Amino acid sequence: MHILKTEKLPRHLAIIMDGNGRWAKARMLRRIVGHRKGVETVRMIVEECSLLGISCLTLFAFSAENWLRPKTEVQALMMLLKKYIKMEVPRMMQNNIRFNVIGNREELPSDVNRVVDDAIAKTAGNSGMILTLALSYGARQEIVRAATIMAADMASGKISATEVSESLFAGYLYTADMPEPDFLIRTSGEMRISNFLLWQLAYTELYFTDINWPDFGKRELHKALCDYQDRERRFGRTSDQLQARG
Ligand code: FPP
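What counts, and where the lines are drawn
Residues numbered from 1 in each chain as written. Predicted model: local features only at pLDDT ≥ 70, side-chain atom pairs only at ≥ 80, totals over all residues. Heavy atoms only, no water. Helix = DSSP H or I, 4+ residues; strand = E, 2+ residues; numbered from the N terminus. Buried < 20%, exposed > 50% of the residue type's maximum accessible area, 1.4 Å probe, protein only. Contact = heavy atoms within 4.5 Å. Expected span 1.5 Å × (residues − 1). Bend = angle between axes of the 7 residues up to and from the residue. Pairing = 2+ DSSP bridges.

A. A look at the environment of V115. With respect to the helices and strands, the residue V115 is situated in helix α4 (residues 110-123). The buried category is assigned to V115, whose relative accessible area is 11%. Separated by 26 residues in the primary sequence, V115 and V89 have C-alpha atoms spaced 9.7 Å apart. Not counting residues up to four positions away in its chain, the partners in contact with V115 are K82, I85 and K86.

Structure, rendered in structure tokens:
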């Protein structure tokens, strides 16, 4: 196992969980079997991140573009999500995890929205890790939504054009109350962002692994986090400047 330093963990870890379909195909199984196996990975990674003391974990579970998949796969994914959220609430309570969802919830089936609301309400008082599922989420859509609400606030006189700044705008995003991700992991060898958290990832450290999501275990998580710990985040400054600041 890779040796992690507890003091230099990302505060916010974001993950693009990819490769469920390929994992299944390689075993001559149906895609849904890969998604089911992917849920087991989700359970394990959520628990491990919470034990490690990571403050925010954001998982890309269903993109705005995923609605274009075959109807049977979309239905199966919605069923899996509903089952997972419902089943995990007691464990979230045990682990002091607060549940959260970002994305266009209006597009989700009403039964999924009901379990989402229930999990958010039940875990609202928890003070440990915030687990966010991105559901029906697209970053461009999020940015357009934020700009639309901001424009309405301007039209109604709630804010003025001179007040507009990066931080004011960020307050209109779904992630308004969260720190920006420090670290992004994408599994299955694809090296893309795929419309995930475009604004928030501006200074995030990126990590890509060939492992498919169903095979991404504790060992791989620790390996990725060790890689993060070896990086120097400069935010546009020089190495010497950072050392001088201590
Ligand atoms: C990518 O695999 C995965 C997804 C479409 C979403 C991830 C969903 C899960 C892990 C299951 C449900 C999630 C939760 C939080 C319970 P892919 O189908 O794109 O794989 P492929 O690129 O190999 O086809």
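B. Just helix α3 (residues 71-94), in detail. Look at α3: 35 Å from first C-alpha to last across 24 residues, which is about the 34 Å you get at 1.5 Å a residue. The largest bend along α3 reaches roughly 40° and is located at E88, with the proline P90 sitting one to four residues downstream. Inspection of α3 places E73, V74, A76, L77, M78, L80, L81, Y84, I85, E88, V89 and M92 among the buried residues, and these make up the whole buried set. Its buried side turned inward, α3 meets α2 (31-52), β2 (56-63), β3 (98-102), α4 and β4 (130-137). The first or second residue beyond α3 is N96, which carries a positive phi of 60°.

C. Highlighting the pairing of β2. Burial runs high along β2: seven of the eight residues are buried. In this structure, strand β1 (residues 12-16) lies alongside β2, joined through five bridges in parallel fashion. Across the sheet, I16 pairs through a bridge with F60, a residue of β2. Direction of pairing for β2 relative to β4: parallel, over a ladder of seven bridges. Bridge pairing links C56 to I130 in β4.

D. Representation of unusual backbone geometry. A positive phi angle is found at S188, which is not glycine, with a value near 80°. Its place among the elements puts S188 in the loop between β5 (183-186) and β6 (205-208). One non-glycine residue with positive phi stands out, namely N195, at about 65°. Structurally, the position occupied by N195 is in the loop between β5 and β6. The class of N195 is buried, set by a relative accessible area of 15%.

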